[in-house]
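Listed here are the chains, written in short residue letters.
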Amino acid sequence: MPQPRAKKSLGQHFLHRRDICERIVGLLRVTPEDRIIEIGPGPGALTNVLQAAGPRRLVLLEKDDYWARDRQKTATQATQAVLTDALTFDWQRITPENPWKIIGNLPYNVASPLMWDIFHLCTGLIRAVFMVQKEVGDRLAADPGCKDYGALTVWTKSFVRPIRGFTVGPGAFSPPPRVDSAVLSFEPLPREVRPASPEKLARMLKICFQQRRKQLGSIFRRSQLEALVARLPELGIDPCLRPENLTPVQFQQMAALLPSARTGTAEMPR
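Rules and cut-offs
Residues numbered from 1 in each chain as written. Predicted model: local features only at pLDDT ≥ 70, side-chain atom pairs only at ≥ 80, totals over all residues. Heavy atoms only, no water. Pairing = 2+ DSSP bridges. Helix = DSSP H or I, 4+ residues; strand = E, 2+ residues; numbered from the N terminus. Axes fitted to C-alpha atoms, helices over the stretch in contact; angles between N-to-C directions. Contact = heavy atoms within 4.5 Å. Core = buried A, V, L, I, M, F, W, Y, C linked by side-chain atoms within 4.5 Å. Buried < 20%, exposed > 50% of the residue type's maximum accessible area, 1.4 Å probe, protein only.

K.L.:
Is there a simple way to think about the sheet that holds strand E4 (residues 79-83) in this case?
P.N.:
Strand pairing in a sheet takes place through backbone hydrogen bonds and is either antiparallel or parallel in direction. Spatial strand order, E4-E3-E2-E5-E6-E9-E7: 7 strands in an open sheet with mixed pairing. In this open sheet, the two strands that pair with only one neighbour each are E4 and strand E7 (160-168). Adjacent strand axes in the sheet meet at a mean angle of 20 degrees when their direction is disregarded. Taken together, the 6 bridges between strand E5 (residues 100-105) and strand E6 (residues 125-133) define a ladder with parallel strand orientation. Following the sheet pairing, Asn105 is matched in E6 by Met131. Each of E7 and strand E9 (181-188) touches helix H6 (residues 151-159); the most contacted strand, E7, lies at about 120 degrees to it.

See below:
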């Protein structure tokens, strides 16, 4: 029976080169004691290499029912395929008492919100390796002051350290995407330096990057946060700076000055 065609609605581009899969899995640094989650295994190119690496447990999160069933047919004793949407998975289950590594060739259409959730909800994340659209990879690893620096950058670097891996061309996929992909690894930051209130940081990023070309003083006055403008000098922050010029730590410092909201959500700015 022939394999079904990739579904555009799910952003499916299946990796088929074994050498690239081995390089990606190599960045995860698999040990026999590891418990690993793979997001969107599809036909199993990465899965096969992960299984060969011999982790203690491998859980595959697959939204496509055909591939979820297919992966279960070829699973080793340590592997479990779960039919689920990674966007609705309970990432808070990954705690320091229940630590996991995470890997995946992430669909382009959900990569950013998925990583947004994983990085702040998975307090027990050991290490992650993701392949994403190269444009998203550039944003994840950007430095203050460059055009790619934005809310996703600040959020990511507030929880993990992104490390550029390598670029993958369209020919490694079936069907080939129209853009290059990038592989990055992520190392969690110590818990004591992560944001005390992710909800406030998310609100601060939404306030600032929806008006990224304006100066901080103007942004906060327009947002009825005049009191915050007056306190910027305490943080050593010039009100004339634009959001793209601030470090993740400075965003966290400003966020700590925000009043608490009635709803404590840390959603990605749209």
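K.L.:
What am I meant to see in the nonpolar core here?
P.N.:
One broad rule of soluble globular proteins: the nonpolar side chains tend to lie buried together. One finds Trp91, Phe130, Phe220 and Phe251 to be the most contacted residues of the largest nonpolar core, which totals 58 residues. By residue number, the principal contributor to this core is helix H7 (residues 198-209), which donates 7 residues. What Phe251 contacts, discounting residues up to four positions off in sequence, is Tyr149, Val154, Leu201, Met204, Leu205, Cys208, Phe209, Pro243 and Leu246. Counting 21 residues, the second largest nonpolar core, distinct from the first, contains Val25, Leu46, Phe166 and Val183.

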